[in-house]
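Descriptive analysis of the structure
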Amino acid sequence: MMKKWRKRLVKFLIFDLAIVLLVLSTGMIYQQVGLRQDAKALVPPGKLYKVHGDNMHLYTGGEGDVTVVLASGWGTANPYVD
């Protein structure tokens, strides 16, 4: 009787693990596809500049001498719009 329960428990755990792995892998694939589509569709304004070997996105506007204003956004998703 005890071995029967043990077999059922092992089968149940294996099935649950397979379902969890399937859901996680499906979510990861969905996320990657969405990121690629967003990168193609949503091009940010401005240009990328090399700063100490890393890329920094800067929006430039106006005329005259170059002035750089870094807007942290105070936790907003898009400081450019603020």
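Remember, it's a predicted structure, so these values are computed and weren't measured experimentally.

1. Observations concerning unusual backbone geometry
Despite not being glycine, His-52 has its phi angle at roughly 55 degrees, a positive value. Here His-52 shows up in the loop between strand E1 (47-51) and strand E2 (54-58).

2. Overview of the pairing of E2
Bridge count for E1 against E2 is five bridges, and the pairing is antiparallel. Its bridge partner lying in E2, Lys-50 is registered against Asn-55.

3. Description of a nonpolar patch on the surface
Together, Tyr-49, Val-51, Met-56, Val-66, Val-68 and Leu-70 line one region of the surface with nonpolar side chains, adding up to about 560 Å² of accessible area. Relative to the helices and strands, Val-51 is located in strand E1. In this structure Val-51 comes out as partly exposed when scored by relative accessible area, which is 31%.

Quick notes on the rules
Residues numbered from 1 in each chain as written. Predicted model: local features only at pLDDT ≥ 70, side-chain atom pairs only at ≥ 80, totals over all residues. Heavy atoms only, no water. Helix = DSSP H or I, 4+ residues; strand = E, 2+ residues; numbered from the N terminus. Pairing = 2+ DSSP bridges. Patch = residues over 30% accessible without salt bridge, like charges linked within 9 Å, V, L, I, M, F, W, Y side chains within 5 Å. Areas by Shrake-Rupley, 256 points an atom, 1.4 Å probe, with all protein chains shown as cover. Salt bridge = Lys/Arg side-chain N within 4 Å of Asp/Glu carboxyl O. Buried < 20%, exposed > 50% of the residue type's maximum accessible area, 1.4 Å probe, protein only.

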